[in-house]
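Secondary and tertiary structure notes
Now for the letters of each chain:
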Amino acid sequence: MDELDQCLSIIVVPKKTVPHLKSKKHILRKLLFCSCLAFFSLCSAEDSTVFFRLDKEEIILANAQNLEEALALIPGLSQYTLGLETNTHFSTLDLSQIAILKDGYPLLMDQNIGYDLQSIPVWDLAYLEVDFSPISTLAKNSTIIIRLYTREFLDKAFWMETGVTNTTNNDLHANVLLGFSNKVHTLQTGLGRSFTGAVYNLAGLRSTATGGAERYDMNLQYKYRILKSMELNIRSDNSRLEVRNKSSILPGRSRVQDINQQLNRNLLYGALKTQVSKNHTLTLDGQVHRLKNEITLIDKDLHSGKAEENLTNEKPLSTGYDYGYMRLKLNASQKRLNYTIGLELSNTSDNTYKTINGIKNSYGDYAAFGHIGYQYRNTVKLQGGTRLINNSLTGSFLLPSLKITLAPQEQLEISGAYSQAISYPLFDQQFYPASLTGDVTNDILLSPTINNTIHVKLTIDNALITGSTGILHVRSADIPRTNENNSYSNTGKSTSTTTYASLNFSNKYISIKPSALIHGSNYLRDTSGFTFFHPEINILAQAQIPNTGLHLGFIGRFLGENTSSLLSDNLIYQEEQNGTQQLSAYVKYSLFADRLHLSLSVTNIYDERRIARNTYLANEVDRELIDTAQTIVAKPRTYAIRVAYAIL
Amino acid sequence: MRIYTYISLLFLLSACFEPDEMLPKSKINTTTVRLNTSKNQAAYLSLSELSRSYDSTGSDWHLRFENETNGWGIFLNTLSRVAIHNTKSTYFDSVNEYYDVQQVEWQFDISTSDGFTPAIGEWGDFSFTNPKSFKNVYLVSWPGELSRQVYKLQILDAKNGSYHFRYGTLDGSLDKTIWLPKDEQYRFGYFSFKSNEISKAIEPKKSRWDVCFTFLSDSLSKRENLPYLPTLEAEIGLYQGILLNEQLNQVAIDTLVSLEDTDFFYAKNLPYNKQKELYSLFYTFNKDSRKIEVNTKLILYLTDGSRYFAIRASNFTQSQDGTFITELNVKQL
């Protein structure tokens, strides 16, 4: 897909890759209207076969304050917190295999470092989208892509948006977005402070299930229109997150052992774009990204108040990484043919353990990519491409992708896509020896996991309702697994098949988006035939009551029992998590010509916060329960009030 | 605009981390350890739960075997006057009823080369994973009803977590070979020649105790300034000592800070050494009053790296019937 299409997809909710329904005049008008914005937009040349879209209003509805909480709303994704770690996954794919992009740039480096998603604010987002197996210029982690989009630059001398949310859980989130523009220079800046109260294991106890968190954010966006055909974009995201996990009081003493986390993230993006011909755009863009995640174990005497850092190794590792990314890309966009070619360089290095045993903890990769799309009349569109990627540690990979889209009738579209993507092994699996992790011996030459994906989709689209159904089949190979020498090797295989159906019914007053998915997951295709099925139903609905300024909305997720399996010491374990249901609702009242918004929301209406996660040891004929843990799936039922004011 | 600033400041400064509640000072717990030279050889304490204390269930044993994975020490029941002699012979049958036991120089312990732990000495080469026995034949003696009983003992082997030994009477009327497996639930395994069997339940499981107050024997010359209990021949010293559970065996001793004032932060910065046993730690011998007294300034710190305990002896009394009572203060840090 070219820049122009991508821009269209931002301005108009993307529904089809083949613009069959639109008249030529309509298309031309839109092309004209968007040509400037499209040309200067930061959007990368990505396919936009969107499975799901979460709008800002829905993020507000569910009171999601960071990316971790926003991902918990997305159909297909499951999330739970156990200990200090939050796991988010889509069937057999964990977050290291799901690309997350913000305005087209990698948000979590190569996704192999265990990024804490609590540190990423969502108050600056306009919406986010989920794509299944898109034809993408990205190769890493692109089996599923979650794209985050900030709001477009506004050509206004001054505008402002501010919002404050206060909840019954002692949370307080405040942010302000300011914009200035003189047509040549445009500056948008956002400041935020977010405090999330702790969730305690039991009322009256000191120990927390999830620690209290305080985050400060400062985001900047600057656009400089150098020439009519040349533009410089600079963006910077900065956050500082502090989390305090409290322990229980040690028996017989007045002492506690708390774990504090302080995370600093700084991103700087830059893009220089120029139109080199009527149909060609050349873009040079890059990113510098630094993450520092300090974990400290604190001994504290609650009698004297004295506290000291405990320097033993009995705590999660502190980590920190630097990431550099640069891309040169040429886009060509013509009536029927469009293509993208380019080069990409990236480097990831450890800034906490720069070398271990004389080995530098870093790797780099460079890639050459090319994608082409051809549309024959309004009924067939072919897209395909390949990417040659070379990793400094593990060598080269050639990754093809192909997609065909047919529109046999005006309201019907069928597409089939095949793509291959890789995801690098976790950084600690590759670089950290057992003396650091206390676990398994690392292997610096671990290969990436390779995901082969087939996605078939049928879309029906008419004026009132859009519906789509499809099957996403992912076969993963070379998954790092512990071998008998207690080191990692690329022997794991898994398969996941997700069948989904979704509807989008919307008119001026009502929007209803139900979806249903059934995941069939085989985590251990290399050793066992266990395939587990896990259903889920999601519904997002919003309604506007005419002439009252009142909006109503709710989001419901109903997740079935979810079972996964894992191999350890040649034994197969099954982890079975009970089903859960999460329902949030809100009412919003708009005043003063839509400038002031007052909203009252309630999240987790069923108050389901902990569910059992049973671990079984599988044997030849049966399985034996060996452990039961309580996982956190949501915060307690919380009422929130939000006041937002905008000067636009 | 000013009102917006105030509102912004209000929201930025509110909703913060909750401060911790203050708690009262850690309590100092007190317990009493009661030992008797004939009736109760050992008292076991769980420091985190002082109500869980156990007394030794019996003294009817002669040999005590280390159960620790890499420990192969064999000890004597010195309090029951068990003595030993190394014949240096490796031929079991050559030590018989004609052996001149009257001329034997009995020892109540034979120190190992590293000078630690009174035992039957170095009975093998411990540089191997499974020690290679020198196969020396020992004579073991203990007081009988009429005269001292004498048995012969030969350590044959030690492997697969078991001791393998042969024992018998000098006249050959009894000749037995036995495997004594290491049970890692217990600190020691016990054997009695009298009943010809492994003695059970002499001590509680390791998971139930942290320290054991007992009598430990050692040479007089090494500890001539320390009080001793002349329960045996004059040349043997038998001291009040502490056996440490291997799960809590890092030790520091301090006299600078009182038990009332000490805390975790002070304790964790002390220099710790791994020990298996401590001799006459809390006690001093007042030469003027000819009495054993406790040093109340001395604090014993024990840790396993995560748990810390401070222990002080606050009082000591001794009665004519061989009963020794020590009052202990224990603070968990």
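Look up a bit, the structure's there.
This structure is a prediction, so every number in the text was calculated from the model and none was measured.

How each quantity is defined
- Residue positions are given per chain, counted from 1 along the sequence in the order it is written.
- Starting at A for chains and at 1 for ligands, labels are handed out in the order in which the entities are written.
- Side-chain atom pairs in this predicted model are given and counted only at pLDDT of 80 or more, local residue features only at pLDDT of at least 70, and totals for whole chains, interfaces and linings cover all residues.
- Side-chain calculation: all heavy atoms of the structure are included, whereas hydrogens and water are not.
- Runs of E in the DSSP output that reach at least two residues are strands. Runs of H or I that reach at least four are helices, and both are numbered from the N terminus.
- Radius of gyration: over C-alpha atoms. The globule rule applied is 2.2 Å multiplied by the number of residues raised to the 0.38 power.
- Two residues form a contact once any of their heavy atoms are found within 4.5 Å.
- Residue-level accessible areas treat just the shown protein chains as cover; the underlying method is Shrake-Rupley with a 1.4 Å probe.
- Under the counting rule used here, the positive set is Lys and Arg, the negative set is Asp and Glu, and His together with the chain ends is not counted.
- In this description, the location of a charge corresponds to atom NZ of lysine, CZ of arginine, CG of aspartate or CD of glutamate.
- Throughout, the protein atoms alone are placed on a 1 Å grid, and a set of points is a cavity if a 1.4 Å probe fits but cannot get out or a pocket if it is open with protein on both sides within 12 Å along at least five of seven lines; lining residues have an atom within 4 Å of a point.
- Grid points are joined across faces, edges and corners, and a volume is the space filled by probe spheres set on the points.
- Amino acid classes used here: Ala, Val, Leu, Ile, Met, Phe, Trp, Tyr, Cys and Pro are nonpolar; Asp, Glu, Lys and Arg are charged; the rest, including Gly, are polar.
- In protein, a polar contact means a hydrogen-donor-capable atom and an acceptor-capable atom, both N or O and within 3.5 Å, with residues adjacent in sequence counting only if both atoms are side-chain atoms; elsewhere, any N or O pair within 3.5 Å suffices.
- Here the buried area means the combined drop in accessible surface, using a 1.4 Å probe, for two parts upon being joined, counting both sides.
- Here, a salt bridge means any Lys or Arg side-chain nitrogen found within 4 Å of an Asp or Glu carboxyl oxygen.
- Pairing between strands is defined by DSSP: at least two bridges between the two strands are required.
- Here the term buried applies to any residue with accessible area under 20% of the maximum for its type, exposed to any over 50%, and partly exposed to those in between, with areas from a 1.4 Å probe on protein chains only.
- In plain words, nonpolar cores are sets of buried Ala, Val, Leu, Ile, Met, Phe, Trp, Tyr and Cys residues tied together by side-chain atoms within 4.5 Å.

Broken down by element type, chain A carries 6 helices and 39 strands. Computed over the C-alpha atoms, the radius of gyration of chain A is 25 Å, within 12% of the 26 Å expected from 2.2 N^0.38 for a compact globule of 648 residues. Along the first, second and third principal axes, the C-alpha set of chain A runs to 80 × 55 × 50 Å. Summarising the internal contacts of chain A: among those between residues at least 6 apart in sequence, 63% fall at separations of at least 24. Per element, the accessible surface of chain A, about 26,600 Å² overall, is 59% carbon and sulfur. Taken as two groups, the 62 positive and 60 negative side-chain charges of chain A have centres that lie 10 Å from each other.

To continue, consider empty space enclosed by the protein. Residue and element names in this part refer to chain A. Enumeration over the complete set of coordinates arrives at 11 cavities of 30 Å³ or more. Considered as a void within the structure, the second largest cavity measures approximately 190 Å³ in volume. Lining the second largest cavity are 18 residues, and of these Ile60, Ala64, Gln65, Thr165 and Arg642 lie nearest its centre. Of all elements in the fold, only α3 (56–61), β9 (158–167), β10 (172–181), β36 (596–603) and β39 (638–647) reach the threshold of two or more residues within the lining of the second largest cavity. Partitioning the lining of the second largest cavity into residue classes produces 8 nonpolar, 8 polar and 2 charged.

Further remarks concern the side chain of glutamate 536 of chain A. In this fold, glutamate 536 of chain A is placed in strand β31 (residues 532–545). Of note is the side chain of glutamate 536 of chain A, whose polar atom sits 2.8 Å from the side chain of arginine 557 of chain A.

Before going further, it helps to spend a moment on the interface of chain A and chain B. On the side of chain B, 26 residues touch chain A, which itself brings 33 residues to the contact. Of the roughly 2,500 Å² buried at the junction of chain A and chain B (both faces included), carbon and sulfur atoms supply 56%. Counting the contacts that link chain A with chain B gives 5 salt bridges. Of the charged contacts in the structure, one is a salt bridge between lysine 268 of chain B and aspartate 299 of chain A, with a shortest N-O distance of 3.8 Å. Across the chain A-chain B interface, the total number found is 11 residue pairs in polar contact (both at pLDDT 80 or more). Elements supplying a minimum of two residues to the side of chain A that touches chain B: β10, β11 (185–196), β14 (212–227), β15 (230–245), β17 (280–301) and β18 (307–310) of chain A. The residue inventory of the side of chain A that touches chain B, partitioned by class, reads 12 nonpolar, 7 polar and 14 charged.

All names here are of chain B. Pairing in this open sheet of 6 strands is antiparallel, and the strands run β1-β24-β23-β22-β17-β18 from one edge to the other. The open sheet has two edge strands, β1 (28–36) and β18 (273–274), and neither has a second partner. In this sheet, strand β24 (residues 323–332) lies alongside strand β23 (residues 308–318) in antiparallel orientation, the contact comprising 9 bridges. Following the sheet pairing, glutamine 318 is matched in β24 by phenylalanine 324.

A few words on the pattern of salt bridges. Taken as a whole and assessed by the stated rule, the structure comprises 39 salt bridges over all chains. Arginine 147 of chain A is the partner of aspartate 131 of chain A in a salt bridge, and the nearest nitrogen-oxygen pair spans 2.9 Å. On the criterion of sequence distance, the pair formed by aspartate 131 of chain A in strand β7 (residues 125–132) and arginine 147 of chain A in strand β8 (residues 144–150) is long-range, its members being 16 residues apart. Classification of aspartate 131 of chain A by relative accessible area gives buried; the value is 0%. Among the salt bridges present, the one from glutamate 576 of chain A reaches arginine 623 of chain A, with a minimum N-O distance of 2.9 Å. Linking glutamate 576 of chain A in strand β34 (residues 571–577) with arginine 623 of chain A in strand β38 (residues 623–632), this pair joins segments that are 47 residues apart in sequence. Classification of glutamate 576 of chain A by relative accessible area gives buried; the value is 10%. Judged by relative accessible area, which is 29%, arginine 623 of chain A ranks as partly exposed. Each of Arg206, Lys246, Asp258 and Lys300 of chain A together with Asp20 of chain B takes part in salt bridges that share partners, so that together they form one network.

Counting residues in hydrophobic clusters, the biggest one holds 64 residues, and the most contacted among them are Leu67, Leu71, Ile100, Leu107 and Ile146 of chain A. Leucine 107 of chain A has contacts with Leu67, Ile100, Leu101, Lys102, Tyr115, Ile120, Leu148, Arg265, Leu267, Tyr269 and His289 of chain A, leaving out every residue within four places of it along the chain.

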